[in-house]
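Chain residues, written in single-letter form:
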Amino acid sequence: MTTRKHPRDPEELEASIALYEGKIAELESAVAEAKDGGCTVCHVRMRPQMFNEVRRNEAVVQCENCQRILYYVPAPASQSQAS
Ligand SMILES: [Zn+2]
């Protein structure tokens, strides 16, 4: 039976957490929300076809200007039901 040693050193643990946080920050700066037919980071309008692709999540689309990966947040469904 082999015993695997896990790094239990708090400093080592903190270092890996910092590394992950850095990666998350890196990822966050690598994406941009696509809204109203344009990129919300650099405010450059994209081609309608591109915007549709982002909206349908059919492909990974990058902003032509800032090269960020675009994602689309669907607008909350408007409550048209009258109760
Ligand atoms: Zn952009």
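Residues numbered from 1 in each chain as written. Predicted model: local features only at pLDDT ≥ 70, side-chain atom pairs only at ≥ 80, totals over all residues.

1. Observations concerning the overall build of the protein
Alright, step 1. Across its full length, the protein holds two helices and three strands.
Alright, step 2. Traced from its N-terminal end to its C-terminal end, the protein shows the element sequence α-β-β-α-β.
Alright, step 3. Residues classed as buried in the protein amount to 11% of the 83 residues present.
Alright, step 4. Counting only contacts in the protein whose residues sit at least 6 apart along the sequence, the fraction spanning at least 24 positions is 37%. (Helix = DSSP H or I, 4+ residues; strand = E, 2+ residues; numbered from the N terminus. Buried ≥ 20, exposed ≤ 12 C-beta atoms within 10 Å, placed from the backbone. Contact = placed C-beta atoms within 7 Å.)

2. Quick word on the sheet that holds strand β3 (residues 69-72)
Alright, step 1. Reading across the sheet, the three strands line up as β2-β1-β3 and stay open at both edges, with mixed pairing between neighbours. On the outer flanks of this sheet lie β2 (38-39) and β3, each paired with one strand and no other.
Alright, step 2. Bridge analysis of strand β1 (residues 31-35) against β3 gives four bridges, and the strand direction is parallel. Paired with Glu-33 across the strands is Tyr-71, a residue of β3.
Alright, step 3. Sitting on the sheet, helix α2 (residues 48-55) touches β1 and β3, and the angle it makes with β3 is about 65 degrees. (Pairing = 2+ DSSP bridges. Axes fitted to C-alpha atoms, helices over the stretch in contact; angles between N-to-C directions.)

3. Some remarks on the confidence of the model for the protein
Alright, step 1. The predicted model of the protein averages 89 in pLDDT, with 87% of residues at 70 or higher.
Alright, step 2. The secondary structure element of the protein with the lowest average pLDDT is helix α1 (residues 10-28), at 93, and the one with the highest is β2, at 96. (pLDDT = per-residue confidence, 0-100.)

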